[in-house]
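# Descriptive structure summary
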Amino acid sequence: MFVEIRKFVKKIPKGKVATYGQVAIAAGFPRGARQVAWALKTFDPTLPWQRVIGQGGKILLRGANGVEQVQRLEAEGVVVHGTRVDLKRFGHVYRLC
DNA sequence: GACATGACACACG
DNA sequence: ACGTGTGCCATGT
């Protein structure tokens, strides 16, 4: 489970972000948004957890973690408006190709 | 097995 | 846009 989710999280390219639902669906868990969060909450350094946000590009994390996420996203070129990100521009879409 | 919790998502007002 | 209630699923007690 973690492996699957993490695998898809790692597939998110730099400068882009994906929603929990998006990752969950891509990983094969249509209703596993919470499980995605569960896998990310471990703050595994090998995972780009900052690229995973809530529906609509909303930053769900709070406090130091939220700040850190915003900082890292900005560092990757993602423009964050307060607690949100433009999914129209930075929303990553998993392609089947 | 039941209950409570959690970086969620969606419908309503 | 925001707060609230409900549905979903895995984990811990």
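Here is a short report on the structure shown in this document. Fair warning: this is a prediction, and the values are worked out from it, not measured in the lab.

So, about the overall build of chain A. Along chain A, the regular secondary structure elements total 5 helices and 4 strands. If you list the helices and strands of chain A from N to C, you get α-β-α-α-β-α-β-β-α. The dimensions of chain A, computed from C-alpha atoms along their principal axes, are 30 × 30 × 20 Å. Counting over 97 residues, chain A shows a buried share of 33%. Of the contacts made within chain A by residues no fewer than 6 positions apart, 59% connect residues no fewer than 24 positions apart.

Residues in close proximity to DNA strand C include R31, G32, R34 and Q35, which together make up its full environment. Residues belonging to the surface near DNA strand C are distributed by class as follows: no nonpolar, 2 polar and 2 charged.

Once that is clear, we can look at the packing of helix α1 (residues 2-10) against helix α3 (residues 33-40). Two elements in contact, α1 and α3, have axes whose closest approach is 10 Å; the angle formed by their N-to-C orientations is 85 degrees. In terms of their interaxial angle, α1 and α3 are classed as roughly perpendicular. From α1, F2, I5, R6 and V9 reach across to α3, where they touch Q35, V36, A39 and L40. Residue classes in the contact of α1 with α3 are distributed as 6 nonpolar, 1 polar and 1 charged.

What follows is about the protein's contact with DNA strand B. Near DNA strand B, the surroundings consist of 17 residues, among which Y20, A37, W49, G54 and Q55 are the closest. Secondary-structure elements contributing two or more residues to the surface near DNA strand B are α2 (20-27) and α3. By residue number, the principal contributor to the surface near DNA strand B is α3, which donates 5 residues. Here the residues of the surface near DNA strand B sort into 10 nonpolar, 5 polar and 2 charged.

Let's shift gears to the nonpolar core. One finds I5, V9, V17, V23, V36 and V52 to be the most contacted residues of the largest nonpolar core, which totals 23 residues. Counting only elements with at least two residues in this core, the list comes to α1, α2, α3 and β2 (52-53). A total of 5 residues in this core trace back to one element, the largest contributor, which is α2. Excluding residues that lie within four positions of it along the chain, V9 makes contacts with V23, L40, L47, P48 and V52.

Scoring rules and cut-offs
Residue positions are counted from 1 within each chain, in the order its sequence is given. Labels are handed out in written order, letters beginning with A for the chains and numbers beginning with 1 for the ligands. Per-residue local features are limited, in this predicted model, to residues with pLDDT of at least 70; the limit for side-chain atom pairs, both in listing and counting, is 80 or more; totals at the level of whole chains, interfaces and linings are taken over all residues. We count a stretch as a helix when DSSP gives it H or I for four or more residues in a row; a strand needs E for two or more, and each element gets its number in order from the N terminus. Exposed residues have 12 or fewer other C-beta atoms within 10 Å of their own C-beta, buried residues have 20 or more, and residues in between are partly exposed; the C-beta atoms are placed from the backbone. C-beta atoms are first placed from the backbone for all residues, and any pair lying within 7 Å is then listed as a contact. Defining nearness, a residue is near a molecule or strand when the C-beta atom obtained from its backbone falls within 6 Å of it. Each residue gets one label: Ala, Val, Leu, Ile, Met, Phe, Trp, Tyr, Cys and Pro are nonpolar, Asp, Glu, Lys and Arg are charged, and the others, such as Gly, are polar. The axes are straight lines fitted to the C-alpha atoms, using for helices just the contacting stretch, and the angles between their N-to-C directions are given from 0 to 180°. The labels follow the angle: roughly parallel below 35 degrees, roughly antiparallel above 145, roughly perpendicular from 65 to 115, and oblique for the rest. Note on terminology: a nonpolar core is a set of buried residues of type Ala, Val, Leu, Ile, Met, Phe, Trp, Tyr or Cys, with members joined through C-beta atoms within 7 Å.

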